[in-house]
Amino acid sequence: DTVGEFAARPEYLLQMLIRLQEAENWLPPEALTALAAALGLPRARVEGVAGFYSFLHTRPVGRYRLLFSDNIIDRMLGSQALMARLCHTLWLAPGQVSEDGLVSVDVTSCTGLGDQGPALLVNGRAIARLDEARIDRIAELIREQQPLDAWPADWFRFDDNIQRRDALLACPAQPGDALQAALAMGRVGWLAQVHASRLRGRGGAGFTTAVKWQACRDAPNPDKVVVCNADEGEPGTFKDRVLLNSHADLVVEGMTLAAWAVGARRGFLYLRGEYRNLRPALEAVLARRRTAGWLGAAIGGVAGFDFDIEIHLGAGAYVCGEETALLESLEGKRGTPRIRPPFPVTHGYLGRPTVVNNVETLAKCCLIALQGGAAFAATGTPQSAGTKLLSVSGDCARPGVYEFPFGVTVRQVLDACGADDTLAVQVGGAAGITLAPYEFDRRIAFEDVPTAGAFMVFDNTRDMFEVAHNFVHFFAHESCGFCTPCRVGTAMLADTLDKLAEGKGSAVDLIEIEDLDRLLKQASHCGLGSAAPNPVMDGLQKFRPAYERHLMHADFAPAFDLDGALRRARQITGRDDAAAHLPQHQEPQP
Ligand code: SF4
């Protein structure tokens, strides 16, 4: 029943697994077997995909599955104490299922609600603004076994928290306005305007959008695809959530503008699983646009311009924000980044020429169609045209989404959001850069401080070691495991910071961190692995005392308790020679 129209279409495997889990609460072995047969896939492939995504469960979980957002900002807002309170109330240990199978509680990576945390997901649906009263009420509702539809509806709504509007967020255009303008220019004329705009991708890498589109348009295969990457998983970012919630027409229209430029007939909006609350409203936008003639056949009355969009859900894998991993996921596979070349613009979704653009990039295309490329390029900096949306969270009076022209300084953003006594700003999320106060006059721009949008503020009460500690665990958890340097290196980095956090570190551990940085940077297959040590390396360079406070010895301390490991052997043999005990730490000889 789950498979229906998608029988023998293996690219729908992930979507089928998500549906199956919604029906069954988890993925029982016999259901995986049946799904493999229906889709014409080996069972091992189905199991491999089911095991890859953290929101899919191949073992029973509670009928109520609660996942607390474990971003550092949620922690600063008290998420750990609230989770402990809920577990205590429900007589449950984190990570376990209650004996009656009713409930399980655990953590997940950032849920994209840093401006209104702490947050959790219950059966995939996000609840923000947690406090003790809300946690106690959640425990009661679970004990009463109330269905989620009977929970207070306002818990499942988010605020946009738009604090500063500029060209995009203040855009007065009506649905179809930008598209009509671009249709009037013709495909070639429209692409020329995108070239003139100097638009660069807002997802982090900053590749020139028109160059990407031109390469896709020029690819010989006529079957082109447009993909909207709505999988913003970088800790601390949430601006795409706001665009999808309140400016969805601009995003969908941007996808249609991309299709007009490259000649695509098919589009996908890949929505991160954490944002599934937004799906019904997005489907409604698509339906409205089909009725209005802005999606479907002969769009805007132009014969031969046929284009439509499907929404695909992600399932809790940060690495799928990388465009080739996203394409693998869209094809129903594990989200493992591909080896490039070939690039997606020539060999993307199912081998077809594909453009993958970020939500904000696509929305910005509407401005270019409305104003013209030159007007768009008139704001910003020489290498960074236009405006940038920032997701501001942490120690400030007014967290939320801010739109500034590129070139704004970090200090200007701090002033706007009401941040006092700031110790550091993490720009670009866990994979980004940690800025100390002497750098607050640096500019948000590709030529200085590039960012996909996350802007996390830490005041002088915070410990920057703890911030990096949280980030390295995030990377160790999110490593897809494909390549050994990242799989092992991120785990070793997390272990080393755990050792420091326990007060057992030594100067040798700091040297080992530098070795791991070199390994991860040189040998990782994708950006996740190479970026994983960034917060620690920045911290060591700019906030070294925060790390040195955690050192037990200034020279060397072993990571392994050899004497303790021999305890069992002593018991078995009945021998315990006092002289054979090894001292744990060799103090330096005078
Ligand atoms: Fe996967 Fe990490 Fe290798 Fe990237 S670097 S492919 S995330 S294991």
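Residues numbered from 1 in each chain as written. Predicted model: local features only at pLDDT ≥ 70, side-chain atom pairs only at ≥ 80, totals over all residues. Heavy atoms only, no water.

### Examining the overall build of the protein
Assigned secondary structure in the protein consists of 23 helices and 18 strands. A compact globule built from 590 residues would reach a C-alpha radius of gyration of about 25 Å, and the protein, at 25 Å, matches this within 12%. Once the C-alpha set of the protein is aligned to its principal axes, its extents read approximately 90 × 60 × 50 Å. The buried share of the protein, reckoned over its 590 residues, is 57%. Partitioning the intrachain contacts of the protein with sequence separation of at least 6 by distance along the chain shows that 72% fall at a separation of at least 24. As displayed, the protein has an accessible area near 23,600 Å², and 53% of this comes from carbon and sulfur atoms. In the protein, which carries 58 positive and 71 negative side-chain charges, the distance between the mean positions of the two groups comes to 5 Å. (Helix = DSSP H or I, 4+ residues; strand = E, 2+ residues; numbered from the N terminus. Rg over C-alpha atoms; globule rule 2.2 N^0.38 Å. Buried < 20%, exposed > 50% of the residue type's maximum accessible area, 1.4 Å probe, protein only. Contact = heavy atoms within 4.5 Å. Areas by Shrake-Rupley, 256 points an atom, 1.4 Å probe, with all protein chains shown as cover. Lys, Arg positive; Asp, Glu negative; His and termini not counted. Charge placed at Lys NZ, Arg CZ, Asp CG, Glu CD.)

### A word on the packing of aromatic side chains
Taken as a whole and judged by the stated rule, the model has 12 aromatic pairs. Taking 6.1 Å as the distance between ring centres and 80° as the angle between the ring planes, the aromatic pair formed by Trp151 and Trp155 counts as edge-to-face. Like Trp151, the residue Trp155 is buried in the burial classification. Ring centres of Phe465 and Tyr547 lie 5.3 Å apart, and the angle between their planes is 85°; this geometry places the pair in the edge-to-face category. (Phe/Tyr/Trp six-rings, centres within 6.5 Å; stacked < 30°, edge-to-face > 60°.)

### Quick notes on the site of the ligand
Around the ligand lies a shell of 13 residues, among which Cys480, Phe482, Cys483, Cys486 and Cys526 are the nearest. The class makeup of the residues in the shell around the ligand is eight nonpolar, five polar and no charged. (Near = heavy atom within 4 Å. Nonpolar A, V, L, I, M, F, W, Y, C, P; charged D, E, K, R; others polar.)

### A closer look at the sheet that holds strand E1 (residues 64-69)
On the basis of which strands lie adjacent, the open sheet formed by four strands has the order E2-E1-E3-E4 and mixed pairing. Looking at the sheet topology across the chains shown, the edges are occupied by strand E2 (103-108) and strand E4 (125-127). Sheet twist, expressed as the average angle between the axes of neighbouring strands with direction ignored, equals 25°. Two strands pair when backbone bridges link them, and E1 and strand E3 (residues 120-122) are joined in this way by three bridges, in the antiparallel orientation. Looking at the pairing, Phe68 lines up with Leu120 of E3. (Pairing = 2+ DSSP bridges. Axes fitted to C-alpha atoms, helices over the stretch in contact; angles between N-to-C directions.)

### As for the side chain of Arg338
Inspection of the secondary structure assignment puts Arg338 in the loop between helix H12 (323-330) and strand E9 (354-358). Within polar-contact distance, the side chain of Arg338 engages the side chain of Glu331 at 2.8 Å. A polar contact is formed between the side chain of Arg338 and the backbone oxygen of Gly348, at a distance of 3.1 Å. (Polar contact = N/O pair within 3.5 Å; in protein donor to acceptor, adjacent residues only side chain to side chain.)

### Considerations on the domain arrangement of the protein
Partitioning the protein into structural domains gives domain 1 (4-52), domain 2 (64-159), domain 3 (163-378) and domain 4 (384-462). Its C-alpha centre places domain 1 at a distance of 28 Å from the equivalent point of domain 2. (Domains from an automatic or database assignment.)

### A short note on the pairing of strand E8 (residues 308-313)
Summarising the sheet, strand E7 (residues 264-271) and E8 pair through six bridges and their orientation is parallel. Note on E8: the bridge partner recorded for Arg266 is Asp308. Handedness of the β-α-β unit built from E7, helix H11 (residues 279-292) and E8 comes out right-handed. (Right-handed = clockwise from strand over helix to strand, strands pointing away.)

### Quick word on the side chain of Asn470
With respect to the element layout, Asn470 can be found in helix H16 (residues 464-478). A distance of 3.3 Å separates the side chain of Asn470 from the backbone nitrogen of Ile72, its partner in a polar contact.

### A look at the packing of helix H8 (residues 209-218) against helix H10 (residues 248-262)
Remark: H8 packs on H10, axes separated minimally by 8 Å, with the N-to-C direction vectors making an angle of 50°. With respect to H10, the axis of H8 lies oblique. Contact residues: Trp213, Cys216 and Arg217 in H8; Leu257, Ala258, Ala261 and Val262 in H10. Class assignment for the residues of the contact of H8 with H10 results in six nonpolar, no polar and one charged. (Parallel < 35°, antiparallel > 145°, perpendicular 65-115°, else oblique.)

### What to know about the packing of helix H7 (residues 177-197) against helix H13 (residues 359-371)
Packing of H7 against H13 brings their axes to within 8 Å, and their N-to-C directions diverge by 100°. Classed by the angle they form, the pair H7 and H13 counts as roughly perpendicular. For the pair formed by H7 and H13, the contact residues are Asp177, Ala178, Ala181, Ala182, Met185, Trp190, Gln193, Val194 and Ser197 on the first element and Cys365, Cys366, Ile368, Ala369 and Leu370 on the second. Residues of the contact of H7 with H13, tallied by class, amount to 11 nonpolar, two polar and one charged.

### Quick word on the environment of Ala84
Position of Ala84 relative to the elements: it lies in helix H5 (residues 79-89). Taking the C-alpha atoms as reference points, Ala84 and Ala284, separated by 200 residues in sequence, lie 39 Å from one another.

### With respect to the sheet that holds strand E15 (residues 433-435)
Read from one edge of the open sheet, six strands run E5-E13-E12-E16-E14-E15, paired in mixed fashion. Either end of the sheet is taken by a strand with one partner, and the two such strands are strand E5 (162-164) and E15. Averaged over all pairs of adjacent strands, the angle between strand axes in this sheet comes to 30°, irrespective of strand direction. Across three bridges, strand E14 (residues 422-427) lies against E15 in antiparallel orientation. By the bridge assignment for E15, Val425 is matched with Leu435.

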